[in-house]
Amino acid sequence: NDVYIAGAKVGGVLGEVAQSAIILGVGVNVNVAEEHLAEPDHYSATSLFVEWGSGIPLASLLERFLVHFDRQRALVEQSGLADVLSDWQSCSYEFGKTVIADIGGDRITGVVSGIREDGALRIRIPDDTERVIQYADDVCISVRGSVEES
């Protein structure tokens, strides 16, 4: 659910099903100068301003986001989630990375092998079986001995 540019977190998306609707929360670090970015211990943060070197009009960004979002929504309505999930997986920062899922204090470590059509995370654990994570209190990405929160 996190969005990365060159290994640094620039934003995130959280979704929740409520009755017959999906509620999404989207956050993006847009016009934040590098010196104002919080640097949590467990991951690097960036902004579109830092990455592109200039400010971005928020109304234009929102308009482009909504156009793209509506295109994806229409695709899901027409042909289901398979195409969208395939696109997501092809550009996923987490795919193929070692993760630690914390589920109510139980820790599951494995490599992200994909996402199911219902949104559940698929993780291949060390005994070469696949675990399906429906929800997690926290999923962290292990990178070169450190752990980044996802």
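Residues numbered from 1 in each chain as written. Predicted model: local features only at pLDDT ≥ 70, side-chain atom pairs only at ≥ 80, totals over all residues. Heavy atoms only, no water.

S.K.: When you look at the sheet that holds strand 3 (residues 21-28) in this model, what are you seeing that I'm missing?
M.R.: The strands that make up a sheet pair up through hydrogen bonds in the backbone, lying either parallel or antiparallel. Judged by pairing direction, the sheet is antiparallel, and its three strands sit side by side in the order 1-2-3 without closing on themselves. The sheet terminates laterally at strand 1 (2-5) and strand 3, the two strands that pair on one side only. Looking at each pair of strands side by side, their axes are set apart by 15° on average, direction ignored. Of the strand pairs in this sheet, strand 1 and strand 2 (residues 8-18) are connected by four bridges, and their pairing is antiparallel. Note that in strand 2 the partner of Val3 across the bridge is Gly11. (Pairing = 2+ DSSP bridges. Helix = DSSP H or I, 4+ residues; strand = E, 2+ residues; numbered from the N terminus. Axes fitted to C-alpha atoms, helices over the stretch in contact; angles between N-to-C directions.)

S.K.: Is there a simple way to think about a nonpolar patch on the surface in this case?
M.R.: Taken together, the side chains of Val3, Val13, Val17, Ile22, Leu24, Val26, Val28, Leu62, Phe65, Leu66 and Phe69 make up a nonpolar region of the molecular surface, amounting to roughly 940 Å² of accessible area. Of all the secondary structure elements, the ones that give two or more residues to the nonpolar patch are strand 2, strand 3 and helix 2 (58-79). In this structure, Val28 sits in strand 3. (Patch = residues over 30% accessible without salt bridge, like charges linked within 9 Å, V, L, I, M, F, W, Y side chains within 5 Å. Areas by Shrake-Rupley, 256 points an atom, 1.4 Å probe, with all protein chains shown as cover. Salt bridge = Lys/Arg side-chain N within 4 Å of Asp/Glu carboxyl O.)

S.K.: I tried to follow the pattern of salt bridges on my own but got confused; where do I start?
M.R.: Note on pairing: side chains with opposite charge can pair once their charged atoms come close. Summed over all chains, the structure comprises five salt bridges. The shortest N-O distance in the salt bridge between Arg122 and Glu130 comes to 3.2 Å. In this structure, Glu130 engages Arg124 in a salt bridge whose closest nitrogen and oxygen atoms are separated by 3.6 Å. Owing to a relative accessible area of 32%, Arg124 belongs among the partly exposed residues under this scheme. One continuous salt-bridge network, built from bridges that share partners, spans Asp70, Arg73 and Glu77. (Buried < 20%, exposed > 50% of the residue type's maximum accessible area, 1.4 Å probe, protein only.)

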